[in-house]
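# Observations on the model geometry
Here's the letter readout for the chains.
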Amino acid sequence: MTTAAAQPPRDRALGRGITTLIPQAATATPAEQAAVVLTAMQSVPVRVGVLQAAVVLLEERVRATEDAAERAAAATTVAMLRSAIGRAG
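Below is a summary of the structure that appears in this document. By convention here, each chain's residues receive numbers from 1 onward along its written sequence. With pLDDT at 70 or above as the cut-off, local features in this predicted model cover only qualifying residues; side-chain atom pairs require 80 or more to be listed or tallied, and sums for whole chains, interfaces and linings still use all residues. To get the side-chain values, take all heavy atoms of the structure and skip hydrogens and water.

Looking now at the pattern of salt bridges. A carboxyl oxygen of Asp or Glu within 4 Å of a side-chain nitrogen of Lys or Arg is what we treat as a salt bridge. Under the definition given, this model contains three salt bridges. Between E60 and R63 there is a salt bridge whose closest N-O contact spans 3.2 Å. Of this pair, E60 and R63 both sit in helix α3 (residues 48-64), three residues apart, which is roughly one turn of the helix. Relative accessible area serves as the criterion here: at 42%, E60 is assigned to the partly exposed category. Only protein chains enter the accessibility calculation, which uses a 1.4 Å probe. A residue is then buried if its area is under 20% of the maximum for its type, exposed if over 50%, and partly exposed in between. Given the relative accessible area of 59%, R63 is considered exposed. Residues R61 and E70 are paired through a salt bridge, measuring 3.0 Å at the closest nitrogen-oxygen approach. Judged by its relative accessible area of 29%, E70 is partly exposed. The helix and strand labels rest on DSSP assignments: H or I over at least four residues marks a helix, E over at least two residues marks a strand, and numbering proceeds from the N terminus.

Spelled out as structure tokens, the structure:
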């Protein structure tokens, strides 16, 4: 008779770790929150199509926004995504 191996107890905090890295203060801007997430996820594998879609959306933000800080953050993120796409391809 074969029995299934016992699964180790699952950490209930699994998947919530990234939210502890994102600044939650009311003063944290979306650009600051995105920068923290990007830093934390640099080594996480992502499908190239997701990166390409993000590039398109962010390039539109670069063109559309009047906020210089947002434009700079979006442009930096686009450059990072294009670099990741280049390494993957």
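Take the environment of T77 next. With respect to the element layout, T77 can be found in helix α4 (residues 68-88). In contact with T77, not counting residues within four places along its chain, are L38 and L58. Here the side chain of T77 touches A73 through a polar contact of 2.8 Å, landing on its backbone oxygen. The contact definition used throughout considers only heavy atoms, calling two residues in contact when any of these lie within 4.5 Å. Polar contacts, as used here, are pairs of N or O atoms within 3.5 Å; protein pairs need one atom able to donate a hydrogen and one able to accept it. Residues neighboring in sequence count only if both atoms are side-chain atoms.

This part covers the layout of surface pockets. Points on a 1 Å grid over protein atoms alone make up a cavity when a 1.4 Å probe fits among them but cannot get out, and a pocket when they form an open set with protein on both sides within 12 Å along at least five of seven lines; lining residues each have an atom within 4 Å of a point. Grid points are joined across faces, edges and corners, and a volume is the space filled by probe spheres set on the points. Estimated volume of the largest pocket: approximately 490 Å³. M41, Q42, L51, L81 and A84 are the residues nearest the centre of the largest pocket, which is lined by 17 residues in total. Counting only elements with at least two residues in the lining of the largest pocket, the list comes to α2 (30-40), α3 and α4. Top contributing element to the lining of the largest pocket by residue count: α4, with six residues. Residue classes in the lining of the largest pocket are distributed as 14 nonpolar, two polar and one charged. The residue classification treats Ala, Val, Leu, Ile, Met, Phe, Trp, Tyr, Cys and Pro as nonpolar and Asp, Glu, Lys and Arg as charged. All others, Gly included, are polar.

It is worth spelling out the packing of α3 against α4 at this point. Here an axis means a line fitted to C-alpha atoms, over the contact stretch when the element is a helix, while the angle between two N-to-C directions is reported on a 0 to 180 degree scale. It is the contact of α3 with α4, at a shortest axis distance of 9 Å, that shows an interaxial angle of 155°. Between α3 and α4, the angle is such that the two are roughly antiparallel. Relative to α4, the crossing made by α3 is left-handed. Of the residues in α4, those touching α3 at V48, L51, Q52, A54, V55, L58, E59, R61 and V62 are E70, R71, A74, A75, T77, V78, L81, R82, A84, I85 and A88. Reported orientations rely on four angle classes, namely roughly parallel under 35 degrees, roughly antiparallel over 145, roughly perpendicular from 65 to 115, and oblique for the rest. Crossing handedness: left-handed means the near helix sits turned counterclockwise from the far one by under a right angle, and right-handed means the same turn made clockwise.

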